[in-house]
Amino acid sequence: MDIRKLLKASAEAKNLKFGKIIHAHLIVINQISRNRVIEKNSLINHYSKCGDLLSARVLFDKMRKRNVVSWGSMMSGYLQHGYAQEVVELCKHMVKVEKLSPNKHVLPMVLSSCSSCGLLDEGEQCHGYAFKSGLIFHQYVKNALVYLYTMCSHLKAAMRVLDSSPRLDLCTYNILLNGLLAQGDMNEASCVLRRMIEELEWSRWDGITCVNVFGVCGHLKDLILGRQVHGRLLKIGLDHDLFVGSSTIDMYGKCGDVSSMRTVFDVLRARNEVTWTAALTAYSQNEWFEEALKLFLEMDRENVVPNEYTFAVLLNSCAGLSALGYGSSLHARVEKVGLKHDTVVGNALIYMASKCGLIDDAHSLFESMLDRDVISWNLMITGYSCHGLGMEALGVFQQMLSEGKQPSYVTFVGVLSACSLLGRVDEGFYYLNHMMREYSIEPGLEHYTCIVGLLGRARRLDEAEKFIRSNPIRQDVIAWRTLLNACLVHQNYGLGKKVTDILLEIGPDDAGTCILMSNMHARAKRWDKASAVRKLMRERNIKKEPGLSWIEIRNDTHVFVSGDTNNVESVQIREKVKKLLAEIRTLGYVPDIVTELHDVDEEQKEDWLSYHSEKLAIAYALMKSPPGAPIRVMKNLRMCDDCHSAAKYISKFTNRTIIVRDANRFHRFREGLCSCADYW
DNA sequence: ATTGTGGGAG
């Protein structure tokens, strides 16, 4: 039997023990010492493949005479076990000291190492050599070069390498799509995808191709193409591949088809923690937070070990629900399995604390992080802004800059909202210009909307209107809604009416804006116009969501619906609300009945007001929680003026801190005042 | 006659 073939087989099987036996045999029959380069190369390759790099290196270093294959075998070991830097060093050494030239096997490995280490200079040197030597015509070399350039964001250079190729092979397409996906260049990715569909038979696709194509579908939310690919891979029989399965789930999740996602998940035979996490992520991204948490219980039952991404998704689901109780138990579990210092998990913990209203906890978590990325900083800045703490937000931003961190698009959204909270108009405009000049970040809709909010809050309403008209946000509902809100707060009903008419023309598609418009009509006493808003809602099929509030008491969630009479304890809760409202009237509370339906009597209006869901929730929390404990209420809609006013008085009367998370931001009521300074 | 290019989740 051929010794070399045996060594090759044991290398492929990664059977370290078997190779060692052959090694011993070679020593015994005295073949190894007689400078048989090929046998030694085979041994180096064997140890390399099995991950025993030390043994490979000892053999390699002891060789008196080495050829290119010896170097190549050594390099392949380093490359496959994550020591790319070492491959580049070996190559330099090989060329310089032993005057050997890389061949068609060695060059792809060196190029691959350059790509993963970001060594563009060295990679370009390889390109030059490939050109001179003619190796550039070799498919493997060409692909490795394409990989280098796509990974270094030199797309044009990558395409130039391909100019001489009439047809691309599967591997090239996989490299290109993977690189374009990583960079989020969807325009180019769809072009490449279209060309691939034309040139390559579906049947030749492999698992990597499917994963990449699903990636493109997910990015573009192209469910049609996604379904087509799914159908094809069922035919090829790739659907039971672990990687393909996970990416199918991911694709359906990103395209919003949650039920297909679940069907795929249920029939998959091969599932690992990634598959499960992909399903959890799909639920979470589509805001099916309870389903995510429920599926995790099953994952636990099947003893699949969660990883950092699993915990991150679960914590984000808790954040979405403001489920502090479950979130805290996940936090404990994260500590137990030693993932506390992971950046992804740390970010999710900050987000969860912040979304549950515990902004101080969020900050301590932030402070205790070992590796903060730009997301950590953004979470803290936007978190403080959502809690109305502008000074703190700007403080974190300054700290970020002084530590030399690069701010991003999202960073400036947080910074501009902080400026708005503090009424710092000039500073806001300074940052708007600065982000472009200093950091080359093109301002987007969110930033412009922040500026509208900034001007509006500073009572510079006419400037805000001009600003909207002079920018790409001219037709943006959110920008006009922001201005409308400013008009309401500053009681400028003249401009408010105008803005409402503009909004009516653009035609908003969300209930929140419609409610604001109705409020404007009510405040301006334009009852005749109210029907126009109702008509718009009918035409656009906009449903007024019922007002929901919920609170957690000892790990139980209690949900309250506006006007609800079905709660078992509803009689007691209603009595408690009535009593509270009577009590705070002595402090100066006056019900704000203007925005309730106008064609009923006042008593009826007051009655409706008193059953707004957040009032029910606060009353229930007062009944069930120990004296002095803070009360945390979550709400699906924006808080109305009357509840806001009532909450202020209740906080004073009962000497409690009341934190309300509404659809947009946090209100922290203490001693009769709110952290939003009555502007929200 | 011993070495080689591309991988899923936040």
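Parameters and conventions
Residues numbered from 1 in each chain as written. Chains lettered and ligands numbered in written order. Predicted model: local features only at pLDDT ≥ 70, side-chain atom pairs only at ≥ 80, totals over all residues. Heavy atoms only, no water. UniProt positions renumbered as here; feature names shortened; annotations may be inferred. Near = heavy atom within 4 Å. Polar contact = N/O pair within 3.5 Å; in protein donor to acceptor, adjacent residues only side chain to side chain. Nonpolar A, V, L, I, M, F, W, Y, C, P; charged D, E, K, R; others polar. Axes fitted to C-alpha atoms, helices over the stretch in contact; angles between N-to-C directions. Helix = DSSP H or I, 4+ residues; strand = E, 2+ residues; numbered from the N terminus. Parallel < 35°, antiparallel > 145°, perpendicular 65-115°, else oblique. Left-handed = near helix turned anticlockwise from the far one by under 90°. Contact = heavy atoms within 4.5 Å. Expected span 1.5 Å × (residues − 1). Buried < 20%, exposed > 50% of the residue type's maximum accessible area, 1.4 Å probe, protein only. Core = buried A, V, L, I, M, F, W, Y, C linked by side-chain atoms within 4.5 Å. Domains from an automatic or database assignment. Buried area = accessible area lost by both parts, 1.4 Å probe. Salt bridge = Lys/Arg side-chain N within 4 Å of Asp/Glu carboxyl O. Pairing = 2+ DSSP bridges.

The name an unreviewed UniProt entry gives chain A is Pentatricopeptide repeat protein, with Salvia miltiorrhiza as the organism. Chain A has a UniProt comment under Sequence similarities (unreviewed entry) that states "Belongs to the PPR family. PCMP-H subfamily."

### Considering the protein's contact with DNA strand B
The full set close to DNA strand B counts 43 residues, and His105, His138, Asn174, Thr281 and Val344 are the nearest of them. One of the side-chain nitrogen or oxygen atoms of Gln285 is found 2.9 Å away from a phosphate oxygen of DNA strand B. Grouping the constituent residues of the surface near DNA strand B by class yields 15 nonpolar, 20 polar and eight charged.

### Examining the packing of helix 35 (residues 613-624) against helix 36 (residues 641-654)
For the pair helix 35 and helix 36, the least separation of the axes is 10 Å and the interaxial angle reads 15°. In terms of axis orientation, helix 35 runs roughly parallel to helix 36. Crossing hand, helix 35 versus helix 36: right-handed. In contact with Glu614, Lys615, Ile618 and Leu622 of helix 35, helix 36 contributes Asp642, Cys643, Ala646, Ala647, Ile650 and Thr654.

### So, the environment of Ala130
Here Ala130 is to be found in helix 8 (residues 120-133). The spacing of Ala130 and Leu145 is 15 residues in sequence and 9.5 Å in space, taken between C-alpha atoms. Not counting residues within four places of it along the chain, the set of residues in contact with Ala130 comprises Leu107, Leu135, Ile136 and Val141.

### With respect to helix 25 (residues 409-422)
Between the first and last C-alpha of helix 25 there are 21 Å, a value that for 14 residues agrees with the 20 Å anticipated at 1.5 Å per step. For helix 25, the set of buried residues is Thr411, Phe412, Val413, Gly414, Val415, Leu416, Ala418, Cys419 and Ser420. Where helix 25 is buried, its residues contact helix 23 (374-386), helix 24 (390-402), helix 26 (425-439) and helix 27 (445-457). Gly423, located one to two residues past helix 25, shows a positive phi value of around 70°.

### A few points about the nonpolar core
Counting residues in each nonpolar core, the largest one holds 177 residues, and the members touching the most others are Met75 and Leu483. With sequence-adjacent residues up to four places away left out, Leu483 is seen in contact with Val452, Leu461, Ala464, Glu465, Ile468, Leu495 and Val499. With 30 residues, the next largest nonpolar core counts Ile553, Phe560, Val577 and Ile584 among its residues.

### Notes on the domain arrangement of chain A
Domain boundaries in chain A define domain 1 (444-540) and domain 2 (551-674). Put simply, the middle of domain 1 and the middle of domain 2, counted by C-alpha atoms, are 27 Å apart. Tallying the contact residues gives six residues for domain 1 and six residues for domain 2. Across the interface of domain 1 and domain 2, roughly 700 Å² is buried in total on both sides, 52% from carbon and sulfur atoms. Together, Asn519, Arg523 and Trp527 form the three largest contributors to the area buried by domain 1 at its contact with domain 2, with a combined 61%. In this structure, the connection of domain 1 to domain 2 is made through two salt bridges. Of the charged contacts, one joins Asp641 and Arg523 as a salt bridge, the two residues approaching to 3.4 Å between their closest N and O atoms. Counting across the interface, domain 1 meets domain 2 through three residue pairs in polar contact (both at pLDDT 80 or more). Here the element with the most residues in the side of domain 1 that touches domain 2 is helix 31 (residues 511-523); it accounts for four residues. Within the side of domain 1 that touches domain 2, the residues separate by chemical class into three nonpolar, two polar and one charged.

### Remarks on the pairing of strand 5 (residues 666-670)
Along any regular strand the residues' side chains alternate between the sheet's two faces. In this sheet, strand 5 lies alongside strand 4 (residues 658-661) in antiparallel orientation, the contact comprising four bridges. Each bridged residue has a counterpart across the sheet, and for Val660 the counterpart in strand 5 is His667. Between strand 4 and strand 5, which pair antiparallel in sequence order, lie four residues. Judged from the two bridges that link them, strand 5 and strand 6 (residues 673-674) form a sheet pairing that is antiparallel. Looking across to strand 6, one finds that Phe669 is bridged to Cys674. Counting the residues between successive antiparallel strands, the hairpin from strand 5 to strand 6 contains two residues, one of them, Glu671, with a positive phi of roughly 50°.

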